[in-house]
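Next come the chains, spelled out residue by residue.
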Amino acid sequence: MLASLLPGTASVAHVTLLQRAWQPSPLLGAIFGRPRAAVNGCASHPPPPLLPVARCAGPPGSGKGTQAPRLVKEYCLCHLATGDMLRAAVRAGTSLGKEAKKVMDSGGLVSDEIVVGLIQENLSSPACAKGFILDGFPRTLPQARKLDDMLASSSAPAIDAALNFQIDDALLVKRITGRLFHPASGRSYHTEFNPPAKEMTDDVTGESLIRRSDDNEATLTKRLASFRASTAPVLEYYRQRGVLAAIDAAAGIDDVNAAVFGVVEQATAKHGQSKAP
């Protein structure tokens, strides 16, 4: 998700981009142009808006890790995480994967063009028939523009809405510094909001939990500064287009979930579609 501190505010914002379903193009294939078989039991759901959910490299903690899986499940979306796409392409030995591997092996950063190309390739997969969540891109204004250019060249509509997940810095620090993880399974806990039954112990295996080395206030403060500088222009980009919708990420999980789904439903209804009961 995109994230930034808007000028004059005291909250961090993660942005979720929503885009309506679109007709097939020769380049990307019939993604929404024909009926598809059930995807994870979602056959009763008509195609919702296309939902690229882009995550910036800025601070976690606003709830993106909780809300993204709920969107995936509720609306039968595929989850396209930048890192996962890169690793999959490298393993598969695709042309883009080979390009990415060459860059990564040299210690460089994979270009925006390669990432946009990977997104474009993944859109034609059956799992993305009803839309997708894009995690980890765009993080900067040039990336946002390249994403739009790719969608436009593929005859895809422009972004319809952007969910701005806002949270106070102090609460963000509290959420991050209290996180605990079980390395083997990826299960997460929180010392205050979701504590394990036994201190620093995984509920399932009884194994020790860990804290990430960068989950501390000093590191988070540095990340926030860089984060704000690079992503504030991206928020302004979507603000100027009139597609930002504010979400109070400090609210309870279910309240945030209801707000997120509400924006999705509004975008769906706007284009004459609605989720099946």
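Figured I'd write up the structure that's included with this text. Everything numeric here is computed off the predicted structure, so don't read it as measured data.

Here the focus is the state of the cysteines. A complete count under the given rule lists 1 disulfide for this structure. Note on cysteine connectivity: cysteine 78 is disulfide-linked to cysteine 128, with sulfurs 2.0 Å apart. Torsion about the S-S bond of the cysteine 78 and cysteine 128 cystine: about 90 degrees, corresponding to right-handed handedness. Here cysteine 128 lies in the loop between helix 4 (112-122) and strand 4 (132-135) and cysteine 78 lies in strand 3 (residues 78-81), a separation of 50 residues in the sequence. In this structure, cysteine 78 and cysteine 128 share a single accessibility class: buried.

Applying the stated rule across the entire model yields 10 salt bridges. Lysine 146 is the salt-bridge partner of aspartate 112, the closest N and O atoms lying 3.5 Å from each other. Separated by 34 residues along the polypeptide, aspartate 112 in helix 4 and lysine 146 in helix 5 (residues 141-153) bring together distant segments of the chain. Lysine 146 gets classed as partly exposed once you look at its relative accessible area, which sits at 29%. Notably, a salt bridge pairs arginine 239 with glutamate 236, separated by 3.4 Å at the nearest N-O pair.

Mapped onto the elements, aspartate 202 comes out in the loop between strand 7 (188-190) and helix 7 (217-240). Within the structure, the side chain of aspartate 202 is placed 2.7 Å from the side chain of arginine 187, a separation counted as a polar contact. Ignoring any residue separated from it by four or fewer positions in sequence, one finds aspartate 202 in contact with His182, Arg187, Tyr189, Glu207 and Leu209.

The next subject is the packing of helix 2 (residues 82-92) against helix 3 (residues 95-105). Where helix 2 contacts helix 3, the axes come no closer than 8 Å and their chain directions differ by 110 degrees. On the basis of the axis angle, helix 2 is roughly perpendicular to helix 3. In this structure, helix 2 uses Leu86, Ala89 and Val90 to contact helix 3, whose residues at the interface are Gly97, Ala100, Lys101 and Met104. Here the contact of helix 2 with helix 3 is built from residues that sort into 5 nonpolar, 1 polar and 1 charged.

Counting buried residues along strand 5 (residues 161-168), 6 of its 8 residues qualify, which places the element largely inside the surrounding structure. Where strand 5 and strand 8 (residues 244-248) come together, 5 bridges link them in parallel fashion. Residue pairing for strand 8: glutamine 166 is matched across the bridge by aspartate 248.

Analysis parameters
- Residues numbered from 1 in each chain as written.
- Predicted model: local features only at pLDDT ≥ 70, side-chain atom pairs only at ≥ 80, totals over all residues.
- Heavy atoms only, no water.
- Disulfide = S-S within 2.5 Å.
- Helix = DSSP H or I, 4+ residues; strand = E, 2+ residues; numbered from the N terminus.
- Buried < 20%, exposed > 50% of the residue type's maximum accessible area, 1.4 Å probe, protein only.
- Salt bridge = Lys/Arg side-chain N within 4 Å of Asp/Glu carboxyl O.
- Polar contact = N/O pair within 3.5 Å; in protein donor to acceptor, adjacent residues only side chain to side chain.
- Contact = heavy atoms within 4.5 Å.
- Axes fitted to C-alpha atoms, helices over the stretch in contact; angles between N-to-C directions.
- Parallel < 35°, antiparallel > 145°, perpendicular 65-115°, else oblique.
- Nonpolar A, V, L, I, M, F, W, Y, C, P; charged D, E, K, R; others polar.
- Pairing = 2+ DSSP bridges.

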